[in-house]
Number of protein chains: 2
Amino acid sequence: MTKQQLYENIRRKKSFLCVGLDTDIKKIPEFLRNGEDAVFQFNKAIIDATAPFCAAYKPNLAFYESAGVDGLRQLSQTVAYIRANYPEQFIIADAKRGDIGNTSEMYARAIYEQDDFDAVTVAPYMGEDSVKPFLRTGKWAILLALTSNKGSLDFQMTEDAHGERLFEKVLRKSQQWGDAENMMYVVGATQGRLFADVRKIIPDHFLLVPGIGAQGGSLEEVVRYGMNAQCGLLVNSSRQILYADSSERFAEAAAAEAEKVRNEMAKWL
Amino acid sequence: MTKQQLYENIRRKKSFLCVGLDTDIKKIPEFLRNGEDAVFQFNKAIIDATAPFCAAYKPNLAFYESAGVDGLRQLSQTVAYIRANYPEQFIIADAKRGDIGNTSEMYARAIYEQDDFDAVTVAPYMGEDSVKPFLRTGKWAILLALTSNKGSLDFQMTEDAHGERLFEKVLRKSQQWGDAENMMYVVGATQGRLFADVRKIIPDHFLLVPGIGAQGGSLEEVVRYGMNAQCGLLVNSSRQILYADSSERFAEAAAAEAEKVRNEMAKWL
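As a starting point, this report considers the structure included with it. (Residues numbered from 1 in each chain as written. Chains lettered and ligands numbered in written order. Predicted model: local features only at pLDDT ≥ 70, side-chain atom pairs only at ≥ 80, totals over all residues. Heavy atoms only, no water.)

1. Topic: the sheet that holds strand β4 (residues 119-122) of chain A
All names here are of chain A.
Logical step 1: With respect to topology, eight strands assemble into a closed barrel ordered β1-β2-β3-β4-β5-β6-β7-β8, the strand pairing being parallel. Across this sheet, the average inter-strand angle for adjacent strands is 30°, counted without regard to direction.
Logical step 2: In this sheet, strand β3 (residues 90-97) lies alongside strand β2 (residues 56-59) in parallel orientation, the contact comprising two bridges. Residue Tyr57 lies in a different strand from β3, and its bridge partner there is Ile91.
Logical step 3: Those strands touched by helix α9 (residues 166-173) are β5 (140-146) and β6 (183-187), and its axis lies near 155° from that of β5.
Logical step 4: Packed onto the sheet, helix α11 (residues 219-226) meets β7 (207-209) and β8 (233-237) and runs at close to 165° relative to β8. (Pairing = 2+ DSSP bridges. Helix = DSSP H or I, 4+ residues; strand = E, 2+ residues; numbered from the N terminus. Axes fitted to C-alpha atoms, helices over the stretch in contact; angles between N-to-C directions. Contact = heavy atoms within 4.5 Å.)

2. What to know about the interface of chain A and chain B
When the parts of a complex come together, some accessible area is lost, and that lost area is often used as the size of the interface.
Logical step 1: Contacts between the two partners involve 56 residues from chain A, matched on the other side by 56 residues from chain B.
Logical step 2: Buried area between chain A and chain B, summed over both chains or domains, comes out near 4900 Å², and the portion from carbon and sulfur atoms is 60%.
Logical step 3: Of all residues in chain A, the largest losses of buried area upon contact with chain B belong to Met106, Tyr125 and Phe155 of chain A, amounting jointly to 18% of the total for that side.
Logical step 4: For the pair chain A and chain B, the interface holds six salt bridges.
Logical step 5: Ionic pairing is found between Glu65 of chain A and Arg97 of chain B, a salt bridge with its closest N-O pair at 3.1 Å.
Logical step 6: The interface formed by chain A and chain B contains 26 residue pairs in polar contact (both at pLDDT 80 or more).
Logical step 7: Counting residues per element, the ones that place at least two in the side of chain A that touches chain B are α4 (61-65), α5 (68-85), β3, α6 (101-114), α7 (128-131), β5, α8 (152-155) and α9 of chain A. (Buried area = accessible area lost by both parts, 1.4 Å probe. Salt bridge = Lys/Arg side-chain N within 4 Å of Asp/Glu carboxyl O. Polar contact = N/O pair within 3.5 Å; in protein donor to acceptor, adjacent residues only side chain to side chain.)

3. Digging into the pattern of salt bridges
Logical step 1: As enumerated under the stated definition, the model contains 50 salt bridges over all chains in all.
Logical step 2: Across the pair Asp197 of chain B and Arg165 of chain B runs a salt bridge whose closest N-O atoms are separated by 3.0 Å. Taken as a pair, Asp197 of chain B in helix α10 (residues 194-201) and Arg165 of chain B in the loop between α8 (152-155) and α9 (166-173) lie far apart in primary sequence, 32 residues in all. In this structure, Asp197 of chain B and Arg165 of chain B share a single accessibility class: buried.
Logical step 3: Within this structure, Lys58, Asp94 and Lys96 of chain A together with Asp99 of chain B form a network of salt bridges that share partners. (Buried < 20%, exposed > 50% of the residue type's maximum accessible area, 1.4 Å probe, protein only.)

4. Quick notes on the sheet that holds strand β5 (residues 140-146) of chain B
Residues and elements named next belong to chain B.
Logical step 1: Spatial ordering of the closed barrel is given by β1-β2-β3-β4-β5-β6-β7-β8, a layout of eight strands whose pairing is parallel. Ignoring strand direction, the axes of neighbouring strands in this sheet form an average angle of 30°.
Logical step 2: Where strand β7 (residues 207-209) meets strand β8 (residues 233-237), three bridges bridge the pair, whose relative direction is parallel. When the bridges of β8 are listed, Val209 appears paired with Val235.
Logical step 3: Running at roughly 170° to strand β1 (residues 17-21), helix α3 (residues 38-50) makes contact with β1 and β2 (56-59) of the sheet.
Logical step 4: Helix-sheet contacts for α10 involve β5, β6 (183-187) and β7, and the interaxial angle to β7 is about 160°.

5. Re the pairing of β5 of chain B
All names here are of chain B.
Logical step 1: By the criterion of burial, β5 is predominantly enclosed, with seven of the seven residues buried.
Logical step 2: In this sheet, β5 lies alongside strand β4 (residues 119-122) in parallel orientation, the contact comprising four bridges. By the bridge assignment for β5, Val122 is matched with Leu143.
Logical step 3: Inspection of the sheet shows β5 paired to β6 by five bridges, in the parallel sense. By the bridge assignment for β6, Leu146 is matched with Val187.

Now the structure itself:
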């Protein structure tokens, strides 16, 4: 998918919501839990209910890997289901991968060829050759810049001798590796005004923004400091939508929750 | 496995060799390639041939994930085979994982419970809460410090205002999260004398050292600057052993290659 196509989908839907498919078998409604392919069945219902209100889906691979081979089969089913039924959706593998060049190439094959993801989150610590294999025409590396968790303070904010913080160095240096057509950045919703500092370095790129809802970030602040002329934001919500209700009405509750976020978003588009 | 047990295995075997099971279906001998579970059959032969000469095995998960669900099944078979037949071996998931706390916990379940690995490589960029879920009694987080690739220069060597380089900050700060009984560090063999700087901060920890062989690092330098009183090194070799020969004699050739490295190592133990 190109940046222009993504922006057009966002405009048409009036939504830059990304639904995080962090599906935990222990948290899905009890009546589903013991059925066959329970995680996929749950995802399918969530996708059908929320697709009108979002522009992207983001399964976090950890949740599927923790269920072993069976979990990964259901991840593949989920990606294939979105592709077949909602081809306008942008599908992100939240995987935080990154290894030496020939190994990152193997991860890229897993994510883009075994499963037909559009994008993958990548950790920057190992530098250029660990990131480049994830850049392909129409496919995106989403580099961790400033994450939403407490541990983001441990290294990402470290200033070098010239006053440049590590997340800023990641943003700046990675401009040599790709561009706004094949790279995005993770910036946590909890980072508030730091979005303005991010935008000084990368005015045009899309940002993937986790951390509203359960983690406490504010959508309004993200928009105020982070939005650009082509939206430039994909704001993720996971638990608040997936587990809005634990009865047989879970999908309707998820739709209502996603619609609420979409209506908020529509005001700014 | 405890640090003492690992050291005793190393002493008994006179080897601190770790065999990297980066098995690429395109590189295994042709006569094996079309059989059932070809990757597992290849691994099994390599393990049987090299077990007398090494102290650890390290499958890189990218190689298995790139073959989809079928690849991951063969990874599980491989880990189970080592566990059952060579219980003294230390088994490392080379996965470079790391995510917010509740997600890292999911990865830890995948690696320690779905498959019975002893250790996992972890990327430090997201800080403390992304690393801690991998620390369990008898289980090890192996944190990336100074990697063997060219991209290691991009961020890991960045000096802060006090002259501390990022890899040194990772070493120092992570001392608050765990100790030499549940943490190790990745330091690439290509880093030569920087091993001495690493040892100033973490004299007692084990280091996982990739990058001899194909990547050009020197075993002698690693030993000179990196070894401590309890060895403190697991030196990895992958391609040089796995693909020593492409005929039906591949396993004997792998054994000969591993024995050669072991004989070199024995001199220093």
